[in-house]
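Okay, here's what each chain looks like letter by letter:
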Amino acid sequence: MSGDGSKKQFWKRNTAKVPGNIQHVYGAQHPPFDPLLHANLMKAGNKPPSATTPGKPKKATTFQEFESITSDAWDVGDDDDELLAMAAQNLNIEVVMETANKVIENHSKLQERRQQQIDEMTEPDEKDGQEAHEEEPDEEDEREEGAETTTDLSFSSEALPLSGNRLVKSHSEAPVGSPKEVGIEQAVLHRQQSLPHRPVIPLVARMADQNTSGTPAMSEREASRLDKFRQVLAGPNTDLEELRKLSWSGIPRQVRPITWKLLSGYLPANAERRESTLQRKRQEYFGFIEQYYDSRNDEHHQDTYRQIHIDIPRMSPESLVLQPKVTEIFERILFIWAIRHPASGYVQGINDLVTPFFVVYVFEYIEEEVENFNVSSLQEEVLRNIEADSFWCMSKLLDGIQDNYTFAQPGIQRKVKALEELVSRIDETVHCHMQQYEVEYLQFAFRWMNNLLMRELPLRCTIRLWDTYQAEPEGFSHFHLYVCAAFLVRWRKEILEEKDFQVRCFFCVMLCGP
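This one's a predicted model, so the numbers in the text were calculated from it and none came from an experiment.

Moving on: the overall build of the protein chain. Along its length, the protein chain carries 24 helices and two strands. Residues counted as buried form 36% of the 514 residues belonging to the protein chain. Look at the contacts in the protein chain between residues 6 or more apart in sequence, and 68% of them connect residues 24 or more apart. On the protein chain, roughly 32,900 Å² of surface is accessible, and the fraction owed to carbon and sulfur atoms is 53%.

Structural data, given as structure tokens:
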């Protein structure tokens, strides 16, 4: 401590500069605090200082000055002993216990008084209840009572008065306490009524906002998008152009089945004709089954059927396609399509195009993920509808890219050539790198065109990508090229680092996974 007796210790001279000191905070209802008038304020018994004597601002000190004047800030001296003695006196155990006993005693008396008031009010309530059973209330009284109940339920639990174990409908029925308590409760109620409150959502409604897998309810943006889709789909004649604009950036799961059927051309835009169209097309498909499917073991069809039977177990997701019921459905769809399109017949790669349609149309009847769902648990009529819808929508898709699967597959060759020209314009470095090491685009892009990237992307990503493809007029043929080019640009760094021909080709084929 400083040797100068008249010199005050640092925290007594300038409490505002001691680290950890509690600072006064003033809001709009209080004037700025003047540190120069602090001593006078304390002596005057916390009287507000005169507004006519403004405080003189203090000169700011540097960090070096602050460090020099705080050298004795935490020294132990006589004043510290006085403070410790005061603390010991304030924390005397006898005083603490006496105060605690008084608090407990007062609380017990208050509880007893409230319980007596509750008991007194119980008897009149029982009598009123018996009289209420004898008379039926008017409709107007019922509406008023319902409105009261709804209003009270919207408040927080603090504002709900309780009488025993029952809910009091209005504050007029609450136990009457002291005038001071009643005044406080009324002030709290008035304040809560004046503030906007959020309505209480029933538990059933909150559970309805979640699917069976436990995923959280959709965000406001997702709910808004879903509302826009439903508004477009609700009209008597769906605006397909507006539906395409909405679908380009993704389709909500709840409306994806009907949206895909409309965008693919399977269903008409007129709402009144849709049900009759579905019935007619489904009957037509199963007419093909009766007419052609028994010929799968004939000599001129058995090779086609055998190849389909071999390719289906290679599809993904395995947990879905390896279910016997699903395997049978896929075999029928692919065989009937091959019989009805002799120009191309069945070609490996077509089998992958069934899966997205089948999965999306299963979603129309279930909420959990289809990969973990036992499809055979669905009703037979539902499975027939899903099978027919998948067949017709896959047929609509293949109508636009059938030259990919005819003899010599000219459509794929043209698309690969177009991809090469596109990459040469948008990323000449990658294109020159391919040419330098004599890598042909056909060596890695053939599968991208043949399977529409379904072997490179997870199923959920494929379904999302097809939302955009179906929103484009030539999505599966023309827009698909730009998606493939985007893959090369996205992975350009890894491609440019590869020098060996075989390794680079393998990398390009397996660009996004097996």
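Next comes the rest of the description.
Right, let's get into the packing of helix H11 (residues 256-263) against helix H16 (residues 354-362). Their axes nearest at 8 Å, the elements H11 and H16 cross at an angle of 135 degrees. Taken together, the axes of H11 and H16 lie oblique to each other. Residues Arg256, Pro257, Trp260 and Lys261 of H11 form the contact with H16, whose participating residues are Pro356, Phe357, Val360 and Tyr361. Looking at side-chain class alone, the contact of H11 with H16 contains six nonpolar, no polar and two charged residues.

Let us look at unusual backbone geometry. Proline 317 follows serine 316 through a cis peptide bond whose omega is 0 degrees. As for its position among the elements, proline 317 is in the loop between helix H13 (302-311) and helix H14 (318-321). At glutamine 409, a residue that is not glycine, the phi angle is positive and equals roughly 50 degrees. Phi at glutamate 438 is positive, roughly 55 degrees, even though this residue is not glycine. Structurally, glutamate 438 can be placed in the loop between helix H19 (428-436) and helix H20 (441-450).

What follows covers the packing of aromatic side chains. Think of a pair of aromatic rings as described by two things: how far the centres are apart, and how the planes are tilted against each other in angle. What the rule picks out here adds up to 20 aromatic pairs. Relative to tyrosine 292, the ring of phenylalanine 288 has its centre 6.3 Å away and its plane inclined at 40 degrees; by these criteria the two rings are tilted. Of this pair, phenylalanine 288 and tyrosine 292 are both found in helix H12 (residues 274-292), four residues apart, which corresponds to roughly one turn of the helix. Residue tyrosine 292 is classed as partly exposed on the basis of its relative accessible area of 26%. Ring centres of tyrosine 305 and phenylalanine 335 lie 6.2 Å apart, and the angle between their planes is 85 degrees; on these two criteria the pair is classed as edge-to-face. Of this pair, tyrosine 305 sits in helix H13 while phenylalanine 335 sits in helix H15 (residues 324-340), and the two are 30 residues apart along the sequence. Relative accessible area serves as the criterion here: at 15%, tyrosine 305 is assigned to the buried category.

What follows deals with the packing of H15 against H16. Relative to each other, H15 and H16 sit at 125 degrees, their axes nearing to 12 Å. Between H15 and H16, the interaxial angle falls into the category oblique. As for the relative orientation of H15 and H16, their crossing is right-handed in sense. Counting all contacts with H15, which are made through Val326, Ile329, Phe330, Ile333 and Leu334, the residues of H16 involved are Val354, Thr355 and Phe358. In terms of residue class, the contact of H15 with H16 is made up of seven nonpolar, one polar and no charged.

This next bit is on helix H22 (residues 475-490). Maximum bend of H22: about 30 degrees, positioned at leucine 481. Contacts made by the buried residues of H22 are with helix H17 (380-401), helix H18 (410-426), H19, H20, helix H21 (459-471) and helix H23 (492-497).

What follows is about the environment of leucine 240. Residue placement: leucine 240 occurs in helix H10 (residues 240-247). For leucine 240, a relative accessible area of 25% gives the class partly exposed. C-alpha separation for the pair leucine 240 and threonine 259, spaced 19 residues apart in sequence, amounts to 9.5 Å. Setting aside residues up to four positions removed in sequence, leucine 240 forms contacts with Leu262, Leu263 and Ala269.

With that settled, the discussion passes to H19. For H19, the complete set of buried residues consists of Val430, His431, His433 and Met434. An end-on view of H19 places all buried positions within 160 degrees of arc, on one side of the element. Among the exposed residues of H19, those oriented more than 90 degrees off its buried face are Glu428 and Gln436. Positive phi appears at glutamate 438, one or two residues downstream of H19, with a value of about 55 degrees.

Right, let's get into the pattern of salt bridges. Within this structure, the stated rule accounts for 16 salt bridges. Glutamate 241 is the salt-bridge partner of arginine 244, the closest N and O atoms lying 3.9 Å from each other. Here arginine 244 pairs with glutamate 241, and both are found in helix H10, just three residues apart, close to one helical turn. Residue classification places glutamate 241 among the partly exposed residues on the basis of a relative accessible area of 46%. Residues arginine 447 and glutamate 456 are paired through a salt bridge, measuring 2.5 Å at the closest nitrogen-oxygen approach. Its relative accessible area of 23% is what places arginine 447 among the partly exposed residues. Glutamate 456 gets classed as buried once you look at its relative accessible area, which sits at 2%.

Attention now goes to the confidence of the model for the protein chain. For the protein chain, the mean per-residue pLDDT works out to 74, and 60% of the residues sit at or above 70. By mean pLDDT, helix H8 (residues 203-208) is the weakest element of the protein chain at 33, and H11 is the strongest at 97. Segment residues 70-80 is flagged for pLDDT under 50; beyond a separation of four residues in sequence, or across chains, it makes 17 contacts in the model. Note on residues 187-215: pLDDT is under 50 here. Beyond four places in sequence and across chains, it has 19 contacts.

So, about the environment of proline 252. Assignment of secondary structure puts proline 252 in the loop between H10 and H11. The exposure class of proline 252 is buried, given its relative accessible area of 13%.

This brings us to the environment of isoleucine 401. Relative to the helices and strands, isoleucine 401 is located in helix H17. Measuring from C-alpha to C-alpha, the distance between isoleucine 401 and isoleucine 412 comes to 8.9 Å, with eleven residues separating the pair along the chain. What isoleucine 401 contacts, discounting residues up to four positions off in sequence, is Leu452, Phe476 and Ser477.

So, how was this worked out
Residues numbered from 1 in each chain as written. Predicted model: local features only at pLDDT ≥ 70, side-chain atom pairs only at ≥ 80, totals over all residues. Heavy atoms only, no water. Helix = DSSP H or I, 4+ residues; strand = E, 2+ residues; numbered from the N terminus. Buried < 20%, exposed > 50% of the residue type's maximum accessible area, 1.4 Å probe, protein only. Contact = heavy atoms within 4.5 Å. Areas by Shrake-Rupley, 256 points an atom, 1.4 Å probe, with all protein chains shown as cover. Axes fitted to C-alpha atoms, helices over the stretch in contact; angles between N-to-C directions. Parallel < 35°, antiparallel > 145°, perpendicular 65-115°, else oblique. Nonpolar A, V, L, I, M, F, W, Y, C, P; charged D, E, K, R; others polar. Phe/Tyr/Trp six-rings, centres within 6.5 Å; stacked < 30°, edge-to-face > 60°. Left-handed = near helix turned anticlockwise from the far one by under 90°. Bend = angle between axes of the 7 residues up to and from the residue. Arc of directions from axis to C-beta. Salt bridge = Lys/Arg side-chain N within 4 Å of Asp/Glu carboxyl O. pLDDT = per-residue confidence, 0-100.

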